[in-house]
Amino acid sequence: MSEPTPTRIFLTGFSGTGKSTVAGLAAKELGWEALDTDTLIADRAGKSPAEIITSDGEERFRELERDAIKEAAARENVVVATGGGAVISKENRRAMAGGALVVCLEASPKTILDRLGESAAAGRPLLAASDPLGRITALKAQRQSLYALADTIVDTESQAAGEAATAVAEIARAGDAWCACHAERGLLPEERDRPPPDGPITITTASREYDAIVGWGVLDRLGGLMREAGLSGKAFVISDSDVLPRYGDRALISLREAGFEAAAFAIPAGEANKTLDVAATVYDWLVSQRAERGSALVALGGGVVGDLAGFVAATYLRGVPLVQAPTTVLAMVDASIGGKTAVDHKEGKNLIGAFYQPRLVIEDVSTLKTLPPRALVEGCAEVIKHALILDPVLLADLEERADDLLHLEPAFTVDIVRRNVAIKAGVVSEDERETGSRATLNYGHTVGHAIEAASGYSKVHHGEAISVGMMAAAEIGKRIGVTPPELVERQRTLIERFGLPVRGPKLSVDSVLEAITLDKKVKDGVVTWVLLEGAGQAVLRSDVPQDIVRDVVKELLS
Ligand SMILES: NC(=O)c1ccc[n+]([C@@H]2O[C@H](COP(=O)([O-])OP(=O)(O)OC[C@H]3O[C@@H](n4cnc5c(N)ncnc54)[C@H](O)[C@@H]3O)[C@@H](O)[C@H]2O)c1
Ligand SMILES: [Zn+2]
């Protein structure tokens with residue numbers, strides 16, 4: 001079955017992200033026509049947008065812009081470049097999302113300033129400000145949650161206009177990122193008729209009680225929310241080389257607006273950097289910045305940043321306040337909640353760590369728009385796991401709307417992330433130190449971790465390994481009469497629907513079996529298996545015969 005493909009593209013994004021140029025080039029590649037709403041407006045009004053704003057006011061310009069977008073939205077086989085402020089209007093976003101592919105072009109404030117400065121169009125009001133970079137950064141941050149409503153985001157920072165145009169044309173041809181399925185596409189969760197509940201989720205542990213706030217665009221409220229949580233003074237954002245360029249400015253602006261003295265530091269991205277050596281570079285930086293006992297650390301990034309910055313927060317000056325601001329699915333629904341922090345040792349993952357609860361967790365779901373697809377899908381494995389062990393309603397929702405989650409439909413995705421945070425919060429609140437019920441979160445992880453270990457952690461990602469691990473647990477459960485066969489098939493269908501593996505990779509069975517017994521969670525050689533008794537119902541079993549484990553592992557990994 002081939003996916004339907006769009007016949008109209010709207011390009012959104014800040015001024016200076018290259019929308020007109022990319023529209024022209026992408027249209028050429030597709031054999032379509034390029035349109036520019038500013039040109040449509042100028043033709044209609046007989047003067048340029050800048051002149052309209054000066055002589056007739058901004059309101060009049062926005063009115064003409066709405067007409068131009070409506071006109072463009074009625075055309076076929078067009079690539080339309082829009083003005084930087086077009087997304088502010090809900091009406092515009094609805095018109096654009098109705099049947100078109102919406103692509104946001106993204107570049108950093110610094111690059112935008114350089115490009116606007118170079119362009120002949122002098123008299124741009126943005127450049128007239130006394131601090132143009134600050135002005136661009138702040139305005140862009142304000143609009144970011146709206147830009148992130150686009151179907152997909154194409155980077156024009158690191159690639160030339162021609163490459164970006166090819167990327168846009170390819171996305172349109174493939175139809176992947178696109179789904180015309182929703183009447184409410186283009187709207188923020190809070191603009192819907194029935195907004196999802198957006199109150200905080202409270203995590204209660206013996207050592208601390210704290211809130212997790214989940215929403216679309218909440219990163220721009222970081223500073224204010226930290227103040228409400230009782231933090232003030234200095235704030236240090238710890239991020240990585242992939243995330244800081246994308247979201248660092250928004251975090252820093254929000255912190256500074258709320259009165260924090262703020263600075264940021266990036267570790268190199270990737271699991272290979274979750275080490276004591278890299279943590280030491282963060283300590284050095286904190287010392288050079290004169291971080292104090294009351295200074296807050298904000299972990300902005302995936303689980304690697306969350307674990308490492310969390311460990312630094314736990315140990316620097318014997319503990320400074322920590323805020324988790326996760327930007328991957330995995331970190332949102334799992335790593336940022338529960339207070340486990342760690343770095344890896346060359347002999348094993350997470351060998352050096354501490355339990356250390358954050359003061360606050362801020363989850364801006366819109367940041368998932370820039371996550372590489374493989375990481376997005378991988379994180380969904382933990383969501384599927386939560387549904388299988390604890391929440392039959394979540395399971396049914398995932399079965400029904402998997403595509404909406406994979407396309408990051410805002411209201412649905414916020415709702416799903418929120419419910420998963422609540423699940424993890426519930427389990428860790430009951431069992432902070434992992435003695436009882438928290439163990440069920442290990443579903444799929446016994447074989448999953450062994451696959452990761454046996455394959456040297458590089459080839460197979462965590463979420464992929466636990467997907468296979470969940471299939472192993474389901475199959476084992478079936479063979480010892482615990483898991484109903486229909487549930488095994490239901491699980492398989494759902495995992496496949498998300499594009500996650502249900503078998504493989506090819507590994508030596510012995511190396512995987514050995515890795516199972518070496519797992520940290522194995523006590524006195526007895527493996528405790530998490531198995532499913534029903535949808536949303538997990539049990540712990542320590543009596544699984546070794547030959548069944550061997551048979552199942554052999555079947556799945558050969
Ligand atoms: N503490 C816990 O309870 C816990 C639980 C599960 C996993 N973990 C840990 O989490 C780590 C894995 O986390 P992960 O899967 O988030 O990996 P990650 O932190 O390495 O992130 C994956 C990649 O995506 C990039 N990235 C992150 N957010 C992005 C965004 N919004 N846009 C673009 N790029 C983005 C990162 O820079 C990185 O390159 C492992 O180290 C694991 O041990 C911890
Ligand atoms: Zn996991």
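Calculation rules
- Residues numbered from 1 in each chain as written.
- Chains lettered and ligands numbered in written order.
- Predicted model: local features only at pLDDT ≥ 70, side-chain atom pairs only at ≥ 80, totals over all residues.
- Helix = DSSP H or I, 4+ residues; strand = E, 2+ residues; numbered from the N terminus.
- Buried ≥ 20, exposed ≤ 12 C-beta atoms within 10 Å, placed from the backbone.
- Contact = placed C-beta atoms within 7 Å.
- Near = placed C-beta within 6 Å.
- Nonpolar A, V, L, I, M, F, W, Y, C, P; charged D, E, K, R; others polar.
- Expected span 1.5 Å × (residues − 1).
- Bend = angle between axes of the 7 residues up to and from the residue.
- Domains from an automatic or database assignment.
- Pairing = 2+ DSSP bridges.
- Axes fitted to C-alpha atoms, helices over the stretch in contact; angles between N-to-C directions.
- Core = buried A, V, L, I, M, F, W, Y, C linked by C-beta atoms within 7 Å.
- Parallel < 35°, antiparallel > 145°, perpendicular 65-115°, else oblique.

Overview of the overall build of the chain
Scanning the chain for helices and strands turns up 22 helices and 16 strands. If you line up the chain on its principal axes, its C-alpha atoms span 80 × 60 × 40 Å. Here the chain, with 558 residues, has 50% of them falling under the buried criterion. The long-range fraction of contacts in the chain, counting pairs at least 24 apart against all pairs at least 6 apart in sequence, stands at 77%.

What to know about the site of ligand 1
Surrounding ligand 1, one finds 29 residues, the nearest of these being Asp242, Gly302, Gly303, Thr328 and Ala335. Only helix H13 (303-315), helix H14 (329-335) and strand S13 (348-355) provide two or more residues apiece to the shell around ligand 1. For the shell around ligand 1, a count of residues per class yields 10 nonpolar, 10 polar and nine charged.

Comments concerning helix H16 (residues 392-406)
Every α-helix winds through 3.6 residues per turn, so residues three or four apart in the chain are directed the same way. Here H16 contains 15 residues, and its C-alpha end-to-end distance of 20 Å stays within 8% of the 21 Å for a straight helix at 1.5 Å per residue. The largest bend along H16 reaches roughly 70° and is located at Glu400. For H16, the full list of buried residues reads Leu394, Leu395, Leu398, Asp404 and Leu405. Backbone geometry just downstream of H16 places Leu408 in the positive-phi region, at approximately 55°.

Here's the deal with the domain arrangement of the chain
Size of an interface, as often reported, equals the accessible area lost when the parts are brought together. The domain boundaries assigned to the chain delineate domain 1 (8-187), domain 2 (201-415) and domain 3 (443-557). For domain 1 and domain 3, the distance between their C-alpha centroids amounts to 47 Å.

Overview of the sheet that holds strand S11 (residues 322-326)
Strand order in the open sheet formed by seven strands is S6-S7-S14-S11-S10-S8-S9, and the pairing between neighbours is mixed. Edge positions in the open sheet fall to strand S6 (201-204) and strand S9 (261-267), since each of these has one partner strand only. Sheet twist, expressed as the mean angle between neighbouring strand axes with direction ignored, is 20°. Two elements, strand S7 (residues 209-215) and strand S14 (residues 360-364), share five bridges in a ladder whose sense is parallel.

Regarding helix H8 (residues 132-147)
At Ala141, H8 shows its largest kink, close to 35°. Those residues of H8 that fall on the buried side of the exposure criterion are Ile136, Thr137, Ala138, Lys140, Ala141, Gln144, Ser145, Leu146 and Tyr147.

Observations concerning the nonpolar core
Counting 168 residues, the largest nonpolar core has Ile9, Ala26, Val103, Val168, Ile238, Leu297 and Val298 as the members making the most contacts within it. Ranked by residue count, the leading element in this core is helix H15 (residues 373-390), at 10 residues. Discounting residues that sit within four places of it in the chain, Leu297 has contacts with Phe236, Ile238, Ala309, Val312, Ala313, Val320 and Leu322. In this structure, Ala107, Ile112, Leu113 and Ile136 belong to the second largest nonpolar core, which totals five residues.

Concerning the sheet that holds strand S4 (residues 101-106)
What holds strands together in a sheet is hydrogen bonding between their backbones, with the strands either parallel or antiparallel. The five strands lie next to each other as S2-S3-S1-S4-S5, forming an open sheet whose pairing is parallel. On the outer flanks of this sheet lie strand S2 (33-36) and strand S5 (152-155), each paired with one strand and no other. The mean inter-strand angle of the sheet, taken between neighbouring strand axes irrespective of direction, is 25°. Both strand S1 (residues 8-12) and strand S3 (residues 78-81) contribute to a ladder of four bridges, which runs parallel. By the bridge assignment for S3, Arg8 is matched with Val78. Together, S1, S2, S3 and S4 form the strand contacts of helix H1 (residues 19-30), whose direction differs from that of S3 by roughly 175°.

Concerning the packing of H8 against helix H11 (residues 244-257)
If you want to describe how two helices pack, look at the angle between their axes and the distance between the axes. H11 packs onto H8 with a crossing angle of 100° between their chain directions and a minimal axis gap of 9 Å. Relative to H11, the element H8 is oriented roughly perpendicular. On the side of H8, the interface is formed by Thr137, Ala138, Ala141 and Gln144, while H11 contributes Asp249, Arg250 and Ile253.

Points about the pairing of S4
Extensive coverage of S4 is indicated by the burial of six of its six residues. Judged by which residues are buried, S4 turns out to be covered on both faces: Leu101, Val103 and Leu105 on one side and Val102, Cys104 and Glu106 on the other are all buried. Here four bridges tie S1 to S4, and the two strands are oriented parallel to one another. Bridge pairing in S4 places Phe10 opposite Val102. When S4 meets S5, the two strands line up parallel, connected through four bridges. By the bridge assignment for S5, Glu106 is matched with Asp155.

Thoughts on unusual backbone geometry
For the peptide bond that leads from Gly504 to Pro505, omega is -5°, which places it in the cis range. In this fold, Pro505 is placed in the loop between helix H20 (485-497) and helix H21 (509-518). The phi angle at Asn350 is positive, at roughly 55°, despite the residue not being glycine. Note that Asn350 resides in strand S13. A positive phi angle, close to 55°, is found at Leu408, a residue other than glycine. Note that Leu408 resides in the loop between H16 and helix H17 (410-430). Classification of Leu408 as buried rests on a count of 22 C-beta atoms within 10 Å.

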